[in-house]
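# Structural features, examined
Each chain, written out:
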Amino acid sequence: MENHHIPMRAACPDPLARAPRVADTATTQSLRLAPPSLNGALVALIGRDLTPINTQPGGHLRSDQHGQQHASQCLESAQCLTHFPASPLVTISWFPDMDAGLVTPQGWQSFGAPVVLSGTQSAPMVSWTPTPGRGYMACFTADAAQALFDVDMAAIQNRFVPATQVLDARFAPLLDALLASRDQDVLAVLEQHLAPRWQALQGRASAAPSLRQVGRHWVERLAWHAHGWRNQHSPRHVERRIKSFSGRSLREWQALTRTEGLFFAARDRHEAGQPFDWAGLALEEGFADQAHMSRTVKRITGFAPAEFAQRFIEDESFWMYRLWV
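Rules and cut-offs
- All chains use their own residue numbering, which begins from 1 and follows the written sequence.
- Since the coordinates come from a predicted model, pLDDT governs what is reported: local features require at least 70, and pairs of side-chain atoms require 80 or more to be given and counted, while whole-chain, interface and lining totals use all residues.
- As a rule here, side-chain values cover all heavy atoms of the structure and leave hydrogens and water aside.
- A pair of strands counts as paired when DSSP detects no fewer than two bridges linking them.
- Here a helix means four or more residues in a row that DSSP labels H or I, a strand means two or more in a row labelled E, and each is numbered from the N terminus.
- Angular values range over 0 to 180 degrees, each being the angle between N-to-C directions of two axes fitted as lines to C-alpha atoms, with helices fitted over their stretch in contact.
- Side-chain rings of Phe, Tyr and Trp (the six-membered ring for Trp) are treated as a pair once their centres are within 6.5 Å; stacked means planes under 30 degrees apart, edge-to-face means over 60, and tilted covers the remaining angles.
- Using a 1.4 Å probe on the protein chains alone, a residue whose accessible area is under 20% of its type maximum counts as buried, one over 50% counts as exposed, and one in between counts as partly exposed.
- Angles below 35 degrees are treated as roughly parallel, those above 145 as roughly antiparallel, those between 65 and 115 as roughly perpendicular, and all remaining angles as oblique.
- Should any heavy atoms of two residues lie within 4.5 Å, those residues are counted as being in contact.
- All amino acids are sorted into three groups, where Ala, Val, Leu, Ile, Met, Phe, Trp, Tyr, Cys and Pro are nonpolar, Asp, Glu, Lys and Arg are charged, and the leftover types, Gly among them, are polar.
- Throughout this description, the term nonpolar core refers to a set of buried Ala, Val, Leu, Ile, Met, Phe, Trp, Tyr and Cys residues connected via side-chain atoms within 4.5 Å.

On to the sheet that holds strand β10 (residues 125–128), then. Here four strands make up an open sheet; going across it, the order is β5-β10-β7-β8 and the pairing antiparallel. Among the strands making up the open sheet, the edge pair consists of β5 (81–84) and β8 (107–110). Between one strand and the next, the sheet's axes are offset by a mean angle of 35°, whatever the strand orientation. The pairing of strand β7 (residues 101–104) with β8 spans four bridges and is classified as antiparallel. Its bridge partner being in β8, leucine 102 is matched across the sheet by glutamine 109.

The next point concerns the packing of aromatic side chains. Counted by the stated rule, this structure contains six aromatic pairs. On the basis of an interplanar angle of 90° and a centroid distance of 5.4 Å, the ring pair of phenylalanine 140 and phenylalanine 149 is categorised as edge-to-face. For the pair shown, phenylalanine 140 and phenylalanine 149 are each scored as buried. Site record: aromatic cluster; members linked through ring pairs are Phe95, Phe111 and Phe160.

Right, let's get into the packing of helix α4 (residues 172–180) against helix α5 (residues 186–201). For any two helices packed against each other, one specifies the crossing angle of their axes together with the interaxial distance. As a packed pair, α4 and α5 sit with axes 10 Å apart at the nearest point and diverge in direction by 175°. By the angle between their directions, the pair α4 and α5 is classed as roughly antiparallel. Residues Pro173, Leu174, Ala177 and Leu178 of α4 lie in contact with α5, whose contacting residues are Val186, Val189, Leu190, His193 and Leu194. By residue class, the composition of the contact of α4 with α5 is eight nonpolar, one polar and no charged.

Next up on the list: the sheet that holds strand β11 (residues 134–140). Strand pairing in a sheet takes place through backbone hydrogen bonds and is either antiparallel or parallel in direction. Pairing in this open sheet of six strands is antiparallel, and the strands run β1-β2-β11-β6-β9-β12 from one edge to the other. On the outer flanks of this sheet lie β1 (28–33) and β12 (160–162), each paired with one strand and no other. For this sheet, the mean inter-axis angle between neighbouring strands, taken without regard to orientation, is 20°. Pairing between strand β6 (residues 90–94) and strand β9 (residues 115–118): four bridges, direction antiparallel. When the sheet's bridge partners are listed, threonine 91 is paired in β9 with serine 118.

Counting residues in each nonpolar core, the largest one holds 33 residues, and the members touching the most others are Trp94, Phe140, Phe149 and Leu190. At six residues, the largest contribution of residues to this core is made by α5. Excluding its chain neighbours within four sequence positions, the residues that come into contact with tryptophan 94 are Leu45, Pro114, Val115, Arg134, Gly135, Tyr136, Ala138, Leu178, Leu179 and Val186. Among the nonpolar cores identified, the runner-up in size contains 14 residues, and Trp278, Ala282, Ala309 and Phe312 belong to it.

Now the structure itself:
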């Protein structure tokens, strides 16, 4: 019979303590992009699993079914620290089988709940888990989080708050499902519970993503592939690989998505009865300046921005553009 070892809670280390990296095979860490139906809301899903590792110094011996003894790998307390940067994102974090909390000047303070909501963070922070387990963080843009969850952003800024204190009863099934889900099912759970609401907020009757969301999702995935390829190949090789894979360079694809964003923002201004501020729109959508925007729009559509906007509004032949954005 296997001997089960239950690790005791270690003492919280100094937040500036250093410890060597753990072997990649000893932990499971992941960063997953949002599905198309949550594009524009969910930025990414981050996960880490320390279940195979105990946190006691020195490790221990366990016996397998044949009576052979094996040494468990163990973590130092400082290897259970996690440093986070200041961030403009809003997050939902959950810990199905472990405790977690922040390291503050007063010491370690448990979150006190298995699911917590955090607002934007104006300074870096450090968290610590006294025992191994699984933890996840779903990252949202602040405006999307406010719309999705009806939360006062000022009330959660620079804070981690138990989700049940700030989310109303509508979201109880989501919180329960996140805690109960397996790793491979987490994105599907988020999509099931949030996509219908997010699509409705975008003015869509269906929970299915729009063509624009599908297109942006594809370009984001391409950029993520490129990020991974750069760990193994030179930048020039990566560019050739992207072009072979997709028919265009990553820069060209990103220019297309910026231009789509411009079309979307311009349409919103028109529907709100506001004048077009091309210089302001150019900066908001990531162009270097208005001239850069004009060149890109003309290269992609064949028209300067002002003429394109007029035709988009008035001409039947621009129905595909109206459908796309």
